[in-house]
Amino acid sequence: MITLARDDLRSLIAEARLAPSVHNIQPTRWRQGDGVIELCGVPGRSIPVADPEWRDWRLSHGAALEGLVIALAGRGLQIGQVDIEAPRSLSPATPTQTIARVKLASLDHRPASDPTGTRVSWRGAFRPMDGAANAALDRLATACNDLVLVREAPAILNAAKLGDRAGLFFLRDVAHRRELLEWLRLARSHAGYQRDGLNAEAMTLSAIEAWGAGLVLGPLFALLDRVGLAAPLVAEHAKTKSAAAIVLFHRPKGEDAFVSGRAFYRAWLEIERQGLKGCPMSVLADWSVARDALAALHQVPADRRIISVFRIGRPKGAPKLAHARLPVDELLV
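Residues numbered from 1 in each chain as written. Predicted model: local features only at pLDDT ≥ 70, side-chain atom pairs only at ≥ 80, totals over all residues. Heavy atoms only, no water.

Peer 1: Would you mind showing me how to read empty space enclosed by the protein here?
Peer 2: Using a probe with the size of a water molecule, rolled over the atoms, empty space left in the structure can be pinpointed. Scanning the model with the defined rule gives 1 cavity of 30 Å³ or more in all. Along the walls of the largest cavity sit 14 residues, with A16, R17, Q26, T28 and A64 positioned nearest its centre. Of all the elements in the fold, those that place two or more residues in the lining of the largest cavity are β1 (28–32) and α2 (55–73). The element contributing the most residues to the lining of the largest cavity is β1, with 3 residues. A class-by-class count of the residues in the lining of the largest cavity yields 7 nonpolar, 4 polar and 3 charged. (1 Å grid on protein atoms, 1.4 Å probe; cavity = no way out; pocket = protein on both sides within 12 Å on 5 of 7 lines; lining within 4 Å. Points joined across faces, edges and corners; volume = space filled by probe spheres on them. Helix = DSSP H or I, 4+ residues; strand = E, 2+ residues; numbered from the N terminus. Nonpolar A, V, L, I, M, F, W, Y, C, P; charged D, E, K, R; others polar.)

And the structure:
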């Protein structure tokens, strides 16, 4: 039975917290007991309007567990056993829930390090395609069986247009838009700017652009939508069509989202390992119209479900590698 000293546990969690979570809500907490580390979830850190089935919430916890696995491997340790709690009905008012319990074991060999520190969402445009980008896509296509790469320019343009339709579909829902705004950190004065949510820097927005985004997504949206201006103001097709590829991340239908989350993080790290940056286009996976269209068009197997969609490529600019994360002591319960 392996039990970690508190400082060792803090060091592990400092690395594990770099895992992605939906809207960077960081719902995962950690607790160590008798030879067991418990992964716990805070239902109050959720997006119940956009994620009514709590799939993305559980996916975020799965990514966090994979982050722990990666951190453990660097210290000659691994997870010897994982006991996953069955999903249950939740609401934001539900107390903190245990999601999984893990026991540690020794690791015979240490694998190559993973690029967790450089993995960030790139929400800007991408550089033009060239031989190096094509070679990176070729490597990625053979490195992960959970990915379908859409590489033809007309198909990328189609996905870009579909993404704008999907985005507008959700933004026209007042509750959805309000929930999104709750997790945006558009001004540096926001108390959570470097702690959680999506800040202006992560979205590659200048101060003026961030101020404008707050108006467009907030009090002016309904008026702008009525006169036909909302769609072009929130459109991202210019960035999307500059991508080297659109990536469809798919997993078996019916799979626990917690398990999918572990694979999701690994897939994103594989994109990073190939020298590419990615930006999730969650609206394409969340809107059934878009998800079904992409699955049919690009021959995703019938027994698989698209879990997430990325636009990927080599960034046109220098990504900021800062991660807005909660302090480690707030993640230990």
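Moving on from the model shown.
Peer 1: Please explain the sheet that holds β1 as it appears in this structure.
Peer 2: Either a parallel or an antiparallel arrangement is found when strands of a sheet pair, and the pairing is made through backbone hydrogen bonds. One open sheet holds the 4 strands; their spatial order is β1-β2-β4-β3, and the pairing between them is antiparallel. Strands at the two margins of the open sheet, each flanked by one partner only, are β1 and β3 (77–84). Pairs of neighbouring strands in the sheet enclose a mean axial angle of 30 degrees, with direction left out of account. Here β1 runs beside strand β2 (residues 37–41); their pairing, made up of 5 bridges, is antiparallel. Of the residues in β2, the one forming a bridge with R29 is C40. Along the sheet, α2 contacts β1, β2, β3 and β4 (97–106); its crossing angle with β3, the most-contacted strand, is approximately 155 degrees. (Pairing = 2+ DSSP bridges. Axes fitted to C-alpha atoms, helices over the stretch in contact; angles between N-to-C directions. Contact = heavy atoms within 4.5 Å.)

Peer 1: Sorry, what's going on with the nonpolar core here?
Peer 2: Buried together is how nonpolar side chains tend to be arranged in soluble globular proteins. Counting residues in each nonpolar core, the largest one holds 33 residues, and the members touching the most others are L4, I13, W30, I37, L65, L68 and L72. Contributing elements (two or more residues each) for this core: α1 (6–16), β2, α2, β3, β4 and α13 (328–331). Among the elements that make up this core, the one with the highest residue count is α2 (7 residues). Within the second largest apolar cluster, 21 residues are counted, among which are L149, A257, A263 and F264. (Core = buried A, V, L, I, M, F, W, Y, C linked by side-chain atoms within 4.5 Å. Buried < 20%, exposed > 50% of the residue type's maximum accessible area, 1.4 Å probe, protein only.)

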